[in-house]
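These are the residues of each chain, in order.
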Amino acid sequence: MDKRFVYADNAATTHVSSEVLEAMLPFLQNEYGNPSSIYALGRRAQKAVEEARAKVAAAIGAKKGEIFFTSGGSEADNWAVKGTLARLAPKGKNHVVTSVFEHHALLHTVEHSGCPCTYVPVDSKGLVDPAQVRAAIRPDTAIVSIMFANNEIGTIQPIEEIAAVCREAGVLFHTDAVQAAGNVEIDVERMGIDMLSLSGHKIHAPKGVGALYCKRRCLPQNLIDGGGQEGGHRAGTENTAGIVGFGRAIELAAAGIPEKVRQVSRLRDQLISGLTQVEASRLNGDPVKRLCGNVNISFEGVEGESLLLMLDNRGICASSGSACTSGSLDPSHVLLAIGLSHEVAHGSLRLSISEETTEEDVAYILENVPPIVERLRAMSPLWERLQKN
Ligand SMILES: *Cc1c(COP(=O)(O)O)cnc(C)c1O
């Protein structure tokens, strides 16, 4: 097959779609008013921001006044945790409950807070047990934060059950839904979620914009002080164009979920069944409770970075862990959390496909990965050792 370009790293980022770009363009050029200004140019920008807020709220079943724009998913995660600890620590609550395989935006925030934290384990499929969350909650627990869907292995958590446990215990529940948005129906009211993080660039909006959904009664202390933007809760002149793009992107993503899941999970399962035919390979994560675009496979005796470089050479963009950890040689904390050895975790490949992925792309991946794995194994002392055992 001729060399193609196949983008299979949508969990790392996505391109800005033409509908989103079209919505943004006026605000990058002619409609440049500051949303805080009182003349018509400013008021039009403000109106656009408020329309985007309504779209974000509608996409997750929230009220408009519960959406606060941020610079992205990382800021939303930081704000939820740091701001809640700052608000509740004076009342004697500074303990955090989270899982061992959260995004680093959450894990590093908790670590740096220096607050006591209980890390709930995940099982071999990457699922959190709501009963273990309940057991981890203490009288001084300020917040529970468990991600909706994992960015590396795609596991979708029983969020409603976890939220119910928290509500019963009277503890705030935050979830990082950056990967779930546009892939799973989200209804914060029905699901009982108090706070939720979103990011634009994982759903075809630009990088550098996101939101924190938060119920009014549990607003965290400000992370960024300054002007009165976002109701005085998050200062800084609004990223008008980014916010408008984010609003359009989440509107489109939320409307397309059933169709996307049907179409993309079929291609995902073709990739999974094709790639797990490779000798000494395994699927990571739950086969069913899984994001429709996520494929994560470990190949024993293979070094992930080499695999990625050889795939790049064939025009395939993929990932071996999360983008934040590639470049370092530490194996993924997510793969270790589900019980993989360091060696097996190193040889893992994440393909994250989208509604734009075609049958031809899938065929191209299936044609290229197995021979590359074979070539790498032929050069690998580790594979030689494994063969002898
Ligand atoms: C990408 C990602 C983030 C970070 O979002 P940014 O907008 O890049 O800061 C947080 N959590 C998860 C699960 C992600 O996939």
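Here goes a summary of the coordinates provided. Small disclaimer: the values here were computed from a predicted structure and weren't measured.

On to the sheet that holds strand S9 (residues 281-283), then. Strand order in the open sheet formed by 3 strands is S9-S10-S12, and the pairing between neighbours is antiparallel. The open sheet has two free edges, formed respectively by S9 and strand S12 (348-352), since each of these has just one partner strand. Neighbour to neighbour, the strand axes of the sheet diverge by 20 degrees on average, direction disregarded. Relative to S12, strand S10 (residues 294-299) runs antiparallel, the two being bridged by 5 bridges. Counterpart to Val295 in the pairing with S12 is Leu351. Relative to the sheet, helix H9 (residues 257-275) contacts S9, S10 and S12, its axis offset from that of S10 by approximately 10 degrees.

So, on to the pattern of salt bridges. Following the criterion strictly, the structure yields 23 salt bridges and no others. With its nearest N and O atoms 3.7 Å apart, the salt bridge here joins Glu66 to Lys215. With Glu66 in the loop between helix H2 (40-60) and strand S2 (67-70) and Lys215 in the loop between strand S8 (210-214) and helix H8 (240-255), the pair connects residues that are 149 residues apart, well separated along the chain. The exposure class of Glu66 is buried, given its relative accessible area of 5%. On the basis of relative accessible area, Lys215 is assigned to the buried category, the value being 15%. Its salt-bridge partner being Lys388, residue Glu384 comes within 3.6 Å of it at the nearest N-O pair. Here Lys388 and Glu384 lie together in helix H14 (residues 381-388), a separation of 4 residues that amounts to about one turn.

Bringing the sheet that holds strand S7 (residues 195-199) into the picture now. With mixed pairing, the 7 strands of this open sheet are ordered in space as S2-S8-S7-S6-S5-S3-S4. With partners counted over all chains shown, the strands left at the sheet margins are S2 and strand S4 (117-120), one partner each. Shown here is a sheet whose adjacent strand axes are inclined to one another by a mean of 20 degrees, direction ignored. For S2 and S8, the ladder comprises 4 bridges, and the chain directions are antiparallel. Within S8, the residue paired with Phe69 across the bridge is Ala211.

What follows deals with the packing of H9 against helix H13 (residues 359-378). At a closest axis distance of 10 Å, the pairing of H9 and H13 adopts a crossing angle of 15 degrees. Put simply, H9 runs roughly parallel to H13. Every pair of crossing elements has a handedness; the one defined by H9 and H13 is right-handed. Contacts from Arg266, Leu267, Gln270, Leu271, Gly274 and Leu275 in H9 reach Glu359, Val362, Ile365, Leu366, Val369 and Pro370 in H13. Taken together, the residues of the contact of H9 with H13 sort by class into 8 nonpolar, 2 polar and 2 charged.

This next bit is on the environment of Lys260. With respect to the helices, strands and loops of the structure, Lys260 is situated in helix H9. Residue Lys260 is classed as buried on the basis of its relative accessible area of 16%. For Lys260, the residues in contact, after removing those within four places along its chain, are Gly182, Asn183, Ser265, Cys292 and Glu355.

Near the ligand, the surroundings consist of 13 residues, among which Ser74, Asp176, Gln179, Ser199 and Lys202 are the closest. Ser74 places a side-chain nitrogen or oxygen 2.7 Å from an oxygen atom of the ligand. For the ligand, a nitrogen atom lies 2.6 Å from a polar atom in the side chain of Asp176. Bound to the protein, the ligand loses 88% of the 390 Å² it would expose on its own. If you tally residues by element for the shell around the ligand, the top one is helix H3 (residues 73-88), at 3 residues.

Rules used throughout
- Residues numbered from 1 in each chain as written.
- Predicted model: local features only at pLDDT ≥ 70, side-chain atom pairs only at ≥ 80, totals over all residues.
- Heavy atoms only, no water.
- Pairing = 2+ DSSP bridges.
- Helix = DSSP H or I, 4+ residues; strand = E, 2+ residues; numbered from the N terminus.
- Axes fitted to C-alpha atoms, helices over the stretch in contact; angles between N-to-C directions.
- Contact = heavy atoms within 4.5 Å.
- Salt bridge = Lys/Arg side-chain N within 4 Å of Asp/Glu carboxyl O.
- Buried < 20%, exposed > 50% of the residue type's maximum accessible area, 1.4 Å probe, protein only.
- Parallel < 35°, antiparallel > 145°, perpendicular 65-115°, else oblique.
- Left-handed = near helix turned anticlockwise from the far one by under 90°.
- Nonpolar A, V, L, I, M, F, W, Y, C, P; charged D, E, K, R; others polar.
- Near = heavy atom within 4 Å.
- Polar contact = N/O pair within 3.5 Å; in protein donor to acceptor, adjacent residues only side chain to side chain.
- Areas by Shrake-Rupley, 256 points an atom, 1.4 Å probe, with all protein chains shown as cover.

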